[in-house]
Every structure is written in structure tokens, then in C-alpha cells.
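Report on the structure
Here is what each chain is made of, one letter per residue.
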Amino acid sequence: NRVGVLISGRGSNMTALIRAAAEADFPAEIVCVISDQPEAQGLAVAASSGIPTFVAPRAGHPNKAAHEGEIQRILDEAGVEIICLAGFMRILSADFTNRWVGRLINIHPSLLPLFPGLTTHARVIQQGMRIHGCTVHFVTAEMDAGPIIAQAAVPVLPTDTEGELAVRVLNMEHKIYPLALSMVASGKARMENNRTVYAHGLE
Ligand code: GRF
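Everything quoted here is computed from the prediction, not taken from an experiment. (Residues numbered from 1 in each chain as written. Predicted model: local features only at pLDDT ≥ 70, side-chain atom pairs only at ≥ 80, totals over all residues.)

1. Some thoughts on the sheet that holds strand β5 (residues 104-108)
Strands sit in the order β3-β2-β1-β4-β5-β6-β7 across an open sheet of 7 strands; the sheet is mixed. Looking along the sheet, the strands with just one partner apiece sit at the ends: β3 (53-55) and β7 (148-155). Each strand of the sheet is rotated relative to its neighbour by a mean of 20°, with strand direction disregarded. Sheet analysis places strand β4 (residues 82-85) next to β5, joined by 3 bridges and oriented parallel. In the strand pairing of β5, I83 is matched with L104. Packing of helix α2 (residues 41-48) onto the sheet brings it into contact with β1 (2-7), β2 (29-35) and β3, and relative to β2 it is tilted by some 150°. Sitting on the sheet, helix α3 (residues 64-77) touches β1, β2, β3 and β4, and the angle it makes with β2 is about 160°. (Pairing = 2+ DSSP bridges. Helix = DSSP H or I, 4+ residues; strand = E, 2+ residues; numbered from the N terminus. Axes fitted to C-alpha atoms, helices over the stretch in contact; angles between N-to-C directions. Contact = placed C-beta atoms within 7 Å.)

So, in C-alpha cells, the structure goes:
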């Protein structure tokens, strides 16, 4: 399975995917990294791992469709079969998500369906939540709402700052994203009728 990773920034989840995919028994390989931000830190990390990187800025295009067209061309050229969104800060159109349905996954820093959107850690603290976590899900046209593939929970400590909580969640993100990708790549998890179906043995 050939995987393309879309990023906009730091790329720590991308790095976790690259590391996992470097293992001999991992069922997928990362064949390209695309960023909409020319300055994304993750680009240098990917390049240093020998992975082809591409910059596709929104600014170079008259509209969203043209921008997504460029991304699609890069993915096609690289023979990508599965896309991992890893801190990609753009909402993809229904045209794009429908084309990739079941083969497009995202990581979100909350226990969805709680806390979709941005600034999850601050909102979790503000709400007085005692647990928090992260979710890998299939991407559908509705933001942060597709079928869940994997989740992990962490405690929220009374003394937590937003930053401390973010680090605790991020460490779990780096564990469950490679796990979820391997499940999708190996066919152990797949999307059917807007649900995640697990291969026998994982129910
Ligand atoms: C992560 O918290 C991820 O869950 C969210 O954006 C952040 C990206 O971080 N979608 P990184 O670029 O992977 O370090």
C-alpha cells in the first residue's frame, strides 16, 4: 500500500508514520509528503528520510477545486492508494473526500464525537473533563465526523495546562496513528455504509 501524507506544520504525526512504515513488517510505505505550507517543519524531516516532498500552496490557485486538483495530480503521480492527513489545516471538499472515501484517514486531538474543530485541549480543560484523548477516523465530507478507526484516552490532571495536556495526547497520537494506518492498509479495518468494519478477530 502506497501512502501519501498531507501536512501543514510540525509533522510529528507524519514522523511517527514514517518511523512505523520503516519497519519490515509494516503493511504500507510512505511514498510522498505534501504540504500546503512552504515553511512546514515536517517537510525537512520527510526529506531527510528520503521521502519525496511537495509543496502545494493554496495561494497559487484561483479556487479550492484547482488547489485540490494539484494535490490530486501529485498523489496520482506518486501512485498513492491511501492518504493520511496529519495536521493538514484545510477542509477538503466533498468532491475530494468522496473520491478517496475509505482510503483517506485523519487524526484528531480529542475523543470524537466530542470536541471537533480547533483548540480542543483548551476546551477540554475549560469544560472540566477528567479524560481526553485522540481519534483516527475515516474522512467524510463533514469535518471530524467520519467513522472511527482507533482511539486512545488519557487522564486530564487538575494541574494541567493546555500545553501539558497537548503533549500527553500527542504521545498517544503517535501510537494510534501508525496502528490505525496498519489496520486500514492490511484490510483489518475498512469503511462500509459509513461505518468501520473490522476483520474477524478484531470485533
Ligand atoms: C495534531 O494534534 C493532530 O491531531 C492535529 O494537528 C496536530 C498536528 O501535529 N490534527 P503534528 O503536525 O502531527 O505534529
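2. Section: the nonpolar core
Judged by nonpolar contacts, the single largest core of 52 residues is most densely connected at V5, L17, C84, A86, I105, A180 and L181. When residues in this core are grouped by element, the largest group, 9 residues, is from helix α6 (residues 162-185). (Core = buried A, V, L, I, M, F, W, Y, C linked by C-beta atoms within 7 Å. Buried ≥ 20, exposed ≤ 12 C-beta atoms within 10 Å, placed from the backbone.)

3. So, the site of the ligand
In the vicinity of the ligand, 14 residues are found, and the nearest of them are R10, S12, N13, G87 and P109. For the shell around the ligand, the elements supplying multiple residues, two or more each, are α1 (12-21), β5 and α6. Ranked by residue count, the leading element in the shell around the ligand is α1, at 3 residues. Here the residues of the shell around the ligand sort into 6 nonpolar, 6 polar and 2 charged. (Near = placed C-beta within 6 Å. Nonpolar A, V, L, I, M, F, W, Y, C, P; charged D, E, K, R; others polar.)

4. Things to note about the UniProt feature "binding site: N(1)-(5-phospho-beta-D-ribosyl)glycinamide" (unreviewed entry) in the protein
Residues annotated by UniProt as "binding site: N(1)-(5-phospho-beta-D-ribosyl)glycinamide" (unreviewed entry) correspond here to G11, S12 and N13. Examined against the element boundaries, G11 turns out to sit in the loop between β1 and α1. Overall, G11 belongs to the buried group, with 23 C-beta atoms counted inside 10 Å. Excluding its chain neighbours within four sequence positions, the residues that come into contact with G11 are A40, Q41, G42, V45, A86 and G87. (UniProt positions renumbered as here; feature names shortened; annotations may be inferred.)

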